[in-house]
Amino acid sequence: MRVLGIETSCDETAIAVYDTTAGLLANQIHSQTAVHARFGGVVPELAARDHVLKLPSLLTQALAEADCSLAQIDAIGYTQGPGLQGALMTGAAFAKGLAVARGLPTLGIHHLEGHILAPLLDQPAPEFPFLALLVSGGHTQLIAVRGLGAYELLGESIDDAVGEAFDKSAKLMGLGYPGGAALSALAAQGDRTAIAFPRPMTDRPGLDFSFSGLKTAVALSIAQGVPHRDVAASFEQAVIDTLVIKIIRALNQTGFERLVLAGGVAANRPLRARLAALMKERGGLAFYPPTVLCTDNAAMIALVTALRVGTGQRDAGSPFTVRPRWPLMALESG
Ligand code: KG4
Ligand code: ZN
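Numbers given for residues are sequential positions, taken from 1 along each chain in its written order. The naming scheme follows written order: chains are lettered A onward, ligands numbered 1 onward. Local features are withheld for residues below a pLDDT of 70 in this predicted model, meaning they are given only at 70 or higher, and side-chain atom pairs are given and counted only at 80 or more; totals for whole chains, interfaces and linings count all residues. In computing side-chain values, all of the structure's heavy atoms are included and hydrogens and water are not.

Thoughts on the overall build of the protein chain
Moving on, step 1. Secondary structure assignment for the protein chain yields eleven helices and ten strands.
Moving on, step 2. In terms of overall dimensions, the protein chain is globule-like: its C-alpha atoms have a radius of gyration of 20 Å, near the 20 Å expected for 334 residues.
Moving on, step 3. Taking the principal axes of the C-alpha coordinates as reference, the protein chain spans close to 60 × 45 × 30 Å.
Moving on, step 4. Across the 334 residues of the protein chain, 54% fall into the buried class.
Moving on, step 5. Contacts are residue-level and defined by heavy atoms, with any inter-residue pair within 4.5 Å sufficient. Considering only contacts within the protein chain whose residues lie at least 6 apart along the sequence, 73% involve residues at least 24 apart.
Moving on, step 6. Using a 1.4 Å probe, accessible areas were evaluated by the Shrake-Rupley method; residue-level cover was limited to the displayed protein chains. Only carbon and sulfur atoms are counted for the fraction: they give 53% of the accessible area of the protein chain, which is about 13,600 Å².
Moving on, step 7. The sign given to each residue is positive for Lys and Arg and negative for Asp and Glu; His and the chain ends receive no count. To locate a charge, take NZ of a lysine, CZ of an arginine, CG of an aspartate or CD of a glutamate. Looking at the protein chain, you have 26 positive and 29 negative side-chain charges, and the mean spots of the two groups are 2 Å apart. Strands here are runs of E lasting at least two residues and helices are runs of H or I lasting at least four, both read from the DSSP assignment and numbered beginning at the N terminus. This radius of gyration counts C-alpha atoms alone. The globule rule is 2.2 Å times how many residues there are, raised to the power 0.38. Any residue under 20% of the maximum accessible area for its type is buried, any over 50% is exposed, and the rest in between are partly exposed; the area is computed with a 1.4 Å probe on protein chains only.

As for the coordination of the zinc ion (ligand 2)
Moving on, step 1. The donor set comprises N, O and S atoms within 2.8 Å of the metal, extended to 3.2 Å for Na, K and Ca; water molecules are omitted, so apparent gaps in a site may simply reflect that omission. At this site the zinc ion (ligand 2) is bound by His 111 (NE2), His 115 (NE2) and Asp 296 (OD), with donor distances of 2.0 to 2.2 Å.
Moving on, step 2. Geometry at the zinc ion (ligand 2) is irregular, judged from its four donor atoms and the angles of 90 to 147 degrees they form at the metal. In short, tetrahedral needs four donors with all angles between 85 and 135 degrees, square planar needs four and octahedral six donors with opposite donors over 155 degrees apart and all other angles between 65 and 115, and whatever is left is irregular.

Details of the domain arrangement of the protein chain
Moving on, step 1. In terms of domain boundaries, the protein chain breaks down into domain 1 (2–116 + 294–330) and domain 2 (130–288).
Moving on, step 2. Note that the domain bounds reflect an automated or database-derived domain assignment. For domain 1 versus domain 2, the distance between C-alpha centres works out to 27 Å.
Moving on, step 3. Residue-level contacts link 15 residues of domain 1 with 22 residues of domain 2.
Moving on, step 4. Taking both partners together, domain 1 and domain 2 bury about 1,500 Å²; carbon and sulfur atoms supply 74% of that area.
Moving on, step 5. Interface area lost by domain 1 to domain 2 is led by Ile 116, Cys 294 and Met 329, which between them contribute 40%.
Moving on, step 6. Salt bridges are counted wherever a side-chain nitrogen of Lys or Arg sits within 4 Å of a carboxyl oxygen of Asp or Glu. For the interface between domain 1 and domain 2, the tally reads zero salt bridges.
Moving on, step 7. Polar contacts, as used here, are pairs of N or O atoms within 3.5 Å; protein pairs need one atom able to donate a hydrogen and one able to accept it. Residues neighboring in sequence count only if both atoms are side-chain atoms. For the pair domain 1 and domain 2, the interface holds three residue pairs in polar contact (both at pLDDT 80 or more).
Moving on, step 8. In terms of residues, the side of domain 1 that touches domain 2 owes the most to one element, helix H4 (residues 111–117), which gives four residues. Put simply, buried area is how much 1.4 Å-probe accessible surface two parts lose in total, over both of them, once they are put together.

Quick notes on the pattern of salt bridges
Moving on, step 1. Evaluated as defined, the whole model comprises 13 salt bridges.
Moving on, step 2. In this structure, Asp 19 and Arg 2 form a salt bridge, with 2.9 Å as the shortest nitrogen-oxygen distance. Here Arg 2 lies in strand E1 (residues 2–7) and Asp 19 lies in strand E2 (residues 12–19), a separation of 17 residues in the sequence.
Moving on, step 3. By relative accessible area, Asp 19 is classed as buried at 8%.
Moving on, step 4. A cluster of three or more residues bridged by salt bridges with shared partners is formed by Asp 160, Glu 164, Lys 168 and Lys 215.

Remarks on the packing of helix H7 (residues 212–223) against helix H8 (residues 228–254)
Moving on, step 1. Geometry is summarised by axes, namely lines fitted to C-alpha atoms with helices restricted to the contacting stretch, and by angles between N-to-C directions that run from 0 to 180 degrees. H8 packs onto H7 with a crossing angle of 160 degrees between their chain directions and a minimal axis gap of 10 Å. As the angle between them shows, H7 and H8 are arranged roughly antiparallel. Regarding H7 and H8, the two cross each other, and that crossing is right-handed. Only His 228, Val 231, Phe 235, Ala 238 and Val 239 of H8 make contact with H7, whose side of the interface consists of Leu 214, Val 218, Ser 221 and Ile 222.
Moving on, step 2. Here the nonpolar group is Ala, Val, Leu, Ile, Met, Phe, Trp, Tyr, Cys and Pro; Asp, Glu, Lys and Arg are the charged ones; every other residue, Gly included, is treated as polar. The residue makeup of the contact of H7 with H8, split by class, is seven nonpolar, two polar and no charged. For classification, angles of less than 35 degrees are called roughly parallel, those exceeding 145 degrees roughly antiparallel, those between 65 and 115 degrees roughly perpendicular, and all remaining angles oblique. Each crossing gets its hand from how the near helix is turned against the far one by less than a right angle, where anticlockwise is left-handed and clockwise is right-handed.

Examining the environment of Asp 241
Moving on, step 1. Among the structural elements, Asp 241 can be located in helix H8.
Moving on, step 2. When residues no more than four places from it in sequence are discounted, the contact partners of Asp 241 are Arg 199 and Arg 274.
Moving on, step 3. Polar contacts involving the side chain of Asp 241 include one to the side chain of Arg 199, which spans 2.7 Å.

Here we look at the pairing of strand E4 (residues 75–81)
Moving on, step 1. The element E4 is extensively covered by neighbouring structure, given that seven of its seven residues are classed as buried.
Moving on, step 2. Criterion used throughout: strands pair if DSSP finds at least two bridges between them. Relative to E4, E1 runs parallel, the two being bridged by four bridges. Bridge pairing in E4 links Val 3 to Ala 75.
Moving on, step 3. The pairing of E4 with strand E5 (residues 106–110) spans five bridges and is parallel. Looking across to E5, one finds that Gly 81 is bridged to His 110.
Moving on, step 4. With the strands aimed away from the viewer, a crossover counts as right-handed if its path from the first strand over the helix to the second runs clockwise. Where the polypeptide runs from E4 across helix H3 (residues 85–102) and back to E5, its parallel neighbour, the crossover connection is right-handed.

Quick look at the structure:
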């Protein structure tokens, strides 16, 4: 089966082609960062308009990269949620239009399911069950993944997501938007022990996180004149330590030996290195996909589409709905 995946939930327009035998054949991504940068955040209406503008040419490029035509596509999957309503609608409408024209089945896919299963596109692929740490601009969740659609939320951030904390701290240092990667690059030149930032919510039991206080502590240090590189390094270290403490708890609680890192913040190198070392120490395995599969992409959407269409799932009809708020736990298994 050959599947076209379409992702437009936020500020990346992406189209991928995934073949259940040949693997990932195309992975086209257009980032809208330049459109939103001067506003310091994603402007929903501009995001939707840019998706509409870019989808047709991205489809042409994806088919060219995969060296195939629409006639060879068997199903179309699109991100149905969660995400920005207008942005989601552009991808859904594009998918439905193509599907009607070609007489193809469609399936609406959950963006976060895409993120946590993206590592299955990499070699070696993790086996079920595994612990997923989903860290993106919008989410910080620890999820027990027992199979397709069998997800248990173990803990999550009660306020800012990790990526959001990175981005807000980066903004305070004038590093632009989204500044997570830039903050991490600056941190590499700083002293990680310069400031003893809190490791929030690690002194009590449970697997939830809180990162908004850390951002406030960063603002205070900057106001006190601590060099940005030291603030960045100490902040990154505090985030990593906090995540590691909760991951160890979650591994002990579930008895899982495999850890999968997903979402945009999974691109963070010190975090990857630390988790790789942790899993080695425990005799387990750490999995993280290459960066292009960690940040928003359509390959993960095409993959989940193939898995679910493969078990007979498809949208009920042509009319479409998007689900800007859609809890991952509401998903059913394949
Ligand atoms: O998953 P993603 O592409 O978009 C969603 O939020 O859905 O994640 C983007 C987030 C942003 O907050 C960005 O600053 C962060 O991932 N990010 C990083 C790094 N690369 C991207 N954060 C820390 N270190 C990085 N190297
Ligand atoms: Zn995402």
